[in-house]
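Chain residues, written in single-letter form:
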Amino acid sequence: MSLNAEWMQRDLKVLWHPCTQMKDHETLPLIPIRRGEGVWLEDFDGKRYLDAVSSWWVNVFGHGNPRINQRIREQLDNLEHVMLAGFSHAPVIELSERLVQITPAGLERVFYADNGSSGIEVALKMSYHYWLNCGQPAKKRFVTLTNSYHGETVAAMSVGDVALFTDTYKALLLDTIKVPSPDCYLRPEGMGWEEHSRNLFAAMEQTLAEHHQEVAAVIVEPLIQGAGGMRMYHPVYLTLLREACDRYGVHLIHDEIAVGFGRTGTMFACEQAGITPDFLVLSKALTGGYLPMAAVLTTNTVYQAFYDDYATLRAFLHSHTYTGNPLACAAALATLDIFRDDNVIEANQVLAARMASATAHLVEHPHVAEVRQTGMALAIEMVKDKPGKTAYAWQERRGLKVYQHALERGALLRPLGSVVYFLPPYVITPEQIDFLAEVASEGIDLATRNSVSISVGANLYPNHRDPG
Ligand SMILES: *Cc1c(COP(=O)(O)O)cnc(C)c1O
C-alpha cells in the first residue's frame, strides 16, 4: 500500500473533514500532505501540487516561508502565549500599531479574535452594543447583500446568503434584511461594471431609507463575493454606501477577511472606494496563512461609547481565549514586513496581468460565460448555455471534474460550484500561472463535455468552498 493510502485509511477512521460529504471519500481520494514549500504542496508519495487557491485563501507568501518561520521561532523562544485581559505583550502592541498605520485613516482601535467568523461576531456585537450604549436599542438589525458569505457561526451565517446552506439552519438565524448584490456577472449585456453597480445601489438606498431606525449596520464583502462564486462589483458601490450609511446613521462593516492584504490589487479593498468603514474585519492572509487570527479595527467614536466607569456596565465583555496570541502576531508582523520590504502590491501588477493574458482565450470557450478579475483573483464561470448564461445543475458537479483533472496534473484548483478560480500566493511565477491556465483550460474542456455525469452522492453546499 502507498504511504498516501495508509494515511488516508487512518484519517478516514477518525476524522470528520470541513465542508465535506464524507461519503465522497469512498471514491474521491483524500490527499495527505507531508510538506509544503513555496507554492508547492507535496503528498506522502512525493507528488507535488501547485496551490492555486492559497490553501483556502490564506497563504500569500508561500508554504514554509523562511522569513515567517524565523520570526515565529524567535517568538517561540520568548513567549508562546499569555492571556490578553490584564496582560499584554510586545508583538500584539506592535501589530496593532502597524495595522492602525496601514489601514485607512480613522480606524484607530484593534480588537482580536481567533478566526474570521468570530471576527464577524465581534463586529456585529460591537455595532449593536454601540447603539445600545448610545440609547438606541431599536437599532438591532443588519443589512446584507444577496450571495454574501461571512462565516460559519450562527450570527455570521445569518448575515450570509448561500441559499441551500442557510436554509438548513434557517430556524436558528437572526432576522436580517437582504438587498440585491451589485454582482456584475448579472449586469445587462453591454453595460459596464460601474453603471451596473451604481444602478443596483438604488435598492440599498431604499432599504436604508425605510429601515434605518432599526438597522445597526450594513455588512459587505468589498469588491469580491468570495464563497458566493468570486462574483465581483465596482468600488463606486462602496463609495455610495459609505455616504448613505453616514446620512442614515448606520454603521458600515467591511468584511475584508478574504480580500484584505492585496488580493484586490490594493492593500485593502476599501482604498479603491476611498472610504473608511466603521469596522474593518481582517483574517486569513493576516498571518501569511500560518496561524488562525482575526483583527477587528474600529474608530475612536465606537471605542469611546464603551469607555466609562465599570459600574455603568457599558464595557465590551467579549473574549476569545486565544485573543492576540503572540505566535500569530509574530507571523502577522513578518507578513507585514514582507509586504513593505518587497513592494508586493506593485510587483503583483505584473502577475495579475499575466493571469489575464494566460486565460484570455477562455472567453471564446463555448461553455465559459465570463472570465472576470479583480487584482490577484481571477474567476472563470462555466455555464451550460452561453448566450442565456444558463447555469449547470449543481447536481452535475462539473467543478469537481476540473478539481480532479487538476490534481492529476499537479495543481490544487478547487472550484466553487461551476466557477474555476485562481487565488494564488503572491510568490507564484509567470510560468506557473501559464501552467495553471493550461490545466484549467484542459479541465474546463473535460468538464463541459455533454456526456459528463459525475454526481457523487448529494452535496448540500454546491456553491460553498466546494468543488462540487
Ligand atoms: C473565510 C471567510 C470568513 C470566515 O472566516 P473563518 O476563519 O473561516 O471563520 C468570513 N468572511 C469571508 C469573506 C470569508 O472569506
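The numbering scheme is per chain: residues are counted from 1 as the chain's sequence reads. Reporting in this predicted model follows two pLDDT cut-offs: at least 70 for local features of residues, and 80 or more for side-chain atom pairs to be given and counted; totals over whole chains, interfaces and linings ignore these cut-offs and use all residues. Only hydrogens and water are set aside; all other atoms, that is, all heavy atoms of the structure, feed into the side-chain values.

1. Examining the pattern of salt bridges
We define a salt bridge as a contact between a side-chain nitrogen of Lys or Arg and a carboxyl oxygen of Asp or Glu at a distance within 4 Å. A full pass over the atoms with the stated rule returns 29 salt bridges. A salt bridge links Glu37 to Arg35; the shortest N-O distance between them is 3.6 Å. Relative accessible area decides the class of each residue, using a 1.4 Å probe on protein chains only: under 20% of the type maximum gives buried, over 50% gives exposed, and in between gives partly exposed. Residue classification places Glu37 among the partly exposed positions, given a relative accessible area of 48%. Residue Arg141 pairs with Asp175 through a salt bridge whose shortest N-O separation is 3.1 Å. With Arg141 in strand β5 (residues 141-145) and Asp175 in the loop between α7 (163-168) and β6 (177-179), this pair connects stretches of sequence that are 34 residues apart. The class of Arg141 is buried, set by a relative accessible area of 18%. Among the ionic contacts, a cluster of salt bridges with common partners joins Arg71, Glu94, Arg98, Asp337, Arg340 and Asp341. Strands are runs of DSSP state E lasting at least 2 residues, helices are runs of H or I lasting at least 4, and numbering of each runs from the N terminus.

2. Comments concerning the environment of Ile433
Its location among the elements puts Ile433 in helix α15 (residues 430-447). Judged by its relative accessible area of 1%, Ile433 falls in the buried class. Considered as a pair, Ile433 and Phe422 are 11 residues apart in the sequence and their alpha carbons are 8.9 Å apart.

3. Some details on the packing of aromatic side chains
Stacked, tilted and edge-to-face are the three classes assigned to paired rings of Phe, Tyr and Trp, where Trp is represented by its six-membered ring and a pair needs centres within 6.5 Å; plane angles under 30 degrees give stacked, over 60 edge-to-face, the rest tilted. Applying the stated criterion across every chain yields a total of 13 aromatic pairs. Arranged with centres 6.1 Å apart and planes meeting at 75°, the rings of Phe61 and Tyr426 form a pair that is edge-to-face. In this pair, Phe61 sits in the loop between α2 (54-57) and α3 (66-78) while Tyr426 sits in the loop between β16 (419-422) and α15, placing the two residues 365 residues apart along the sequence. As far as burial versus exposure is concerned, Phe61 and Tyr426 are alike and both buried. For the ring pair Tyr303 and Tyr307, a centre distance of 5.8 Å and an interplane angle of 45° mean the geometry is tilted. Tyr303 sits in the partly exposed class, given a relative accessible area of 28%. Linked through ring pairs, Phe61, Phe261, Phe268, Phe339 and Tyr426 together constitute an aromatic cluster. Criterion for a charge above a ring: Lys NZ or Arg CZ within 6 Å of the ring centre, and within 35 degrees of the ring normal. In this arrangement the basic side chain of Arg48 is found over the ring face of Trp40, its NZ or CZ atom lying 4.3 Å from the centre. Above the face of the Tyr303 ring, Arg109 is positioned so that its terminal group lies 3.7 Å from the ring centre.

4. Digging into α15
Each residue after the first adds 1.5 Å to the expected span of a helix. In a regular helix each residue adds 1.5 Å, so 18 residues correspond to 26 Å; α15 covers 25 Å between its end C-alpha atoms and thus fits that length. Burial in α15 covers these residues: Gln432, Ile433, Leu436, Ala437, Val439, Ala440, Ser441, Gly443, Ile444 and Ala447.

5. A look at the domain arrangement of the protein chain
Where each domain starts and ends follows an automatic or database-derived domain assignment. The domains assigned to the protein chain are domain 1 (3-64 + 343-447) and domain 2 (69-341). Just the C-alpha atoms count here: the centres of domain 1 and domain 2 sit 26 Å apart. The contact definition used throughout considers only heavy atoms, calling two residues in contact when any of these lie within 4.5 Å. Each partner contributes residues to the interface: domain 1 has 32 residues there, and domain 2 has 31 residues. Both sides of the domain 1 and domain 2 interface together cover about 2600 Å² of buried area, and 61% of this is carbon and sulfur. At the surface where domain 1 touches domain 2, the tally comes to two salt bridges. For Glu370, the salt bridge identified is with Arg187, shortest N-O distance 3.2 Å. Definition of a polar contact: a pair of N or O atoms within 3.5 Å, with one able to donate and the other able to accept a hydrogen when the atoms are protein atoms, and with sequence-neighbouring residues admitted only if both atoms are side-chain atoms. Applying the counting rule to domain 1 against domain 2 returns 13 residue pairs in polar contact (both at pLDDT 80 or more). Mapped onto the side of domain 1 that touches domain 2, the elements with two or more residues apiece are α2, α13 (344-359), β13 (368-374), β14 (377-382) and β16. Here the element with the most residues in the side of domain 1 that touches domain 2 is β13; it accounts for five residues. Three classes are used, and their members are as follows: Ala, Val, Leu, Ile, Met, Phe, Trp, Tyr, Cys and Pro are nonpolar, Asp, Glu, Lys and Arg are charged, and the others, Gly among them, are polar. Looking at the side of domain 1 that touches domain 2 residue by residue, the class counts come to 19 nonpolar, nine polar and four charged. Simply put, the buried area is the total loss of 1.4 Å probe accessible area from both parts when two parts are fitted together.

6. Concerning the sheet that holds strand β15 (residues 411-412)
Strand pairing follows a simple DSSP-based rule, namely that at least 2 bridges must link the two strands. Read from one edge of the open sheet, four strands run β1-β2-β3-β15, paired in mixed fashion. Edge positions in the sheet fall to β1 (33-37) and β15, since each has one partner strand and no second. Both strand β2 (residues 40-43) and strand β3 (residues 48-51) contribute to a ladder of three bridges, which runs antiparallel. The residue bridging Trp40 from the neighbouring strand is Leu50, located in β3.

7. Side note on the nonpolar core
The term nonpolar core refers to a set of buried residues drawn from Ala, Val, Leu, Ile, Met, Phe, Trp, Tyr and Cys, joined through side-chain atoms within 4.5 Å. Leu95, Leu99, Met204, Val218, Leu241 and Phe261 are the most contacted members of the largest nonpolar core, which totals 107 residues. Per-element tally for this core: the top contributor is helix α12 (residues 326-341), with 10 residues. Each of domain 1 (3-64 + 343-447) and domain 2 (69-341) gives at least three residues to this core. In terms of nonpolar packing, the next biggest core, distinct from the first, is built from 26 residues, Ile120, Ala123, Ile257 and Val281 among them.

8. Considerations on the layout of surface pockets
Taken as a whole, the second largest pocket spans an internal volume of roughly 910 Å³. Contributing to the lining of the second largest pocket are 28 residues, with Val110, Phe111, Tyr303, Phe316 and His318 lying nearest its centre. Counting residues per element, the ones that place at least two in the lining of the second largest pocket are α4 (90-102), β4 (109-113) and α11 (300-304). Looking at the lining of the second largest pocket residue by residue, the classes come out as 18 nonpolar, eight polar and two charged. Throughout, the protein atoms alone are placed on a 1 Å grid, and a set of points is a cavity if a 1.4 Å probe fits but cannot get out or a pocket if it is open with protein on both sides within 12 Å along at least five of seven lines; lining residues have an atom within 4 Å of a point. Grid points are joined across faces, edges and corners, and a volume is the space filled by probe spheres set on the points.

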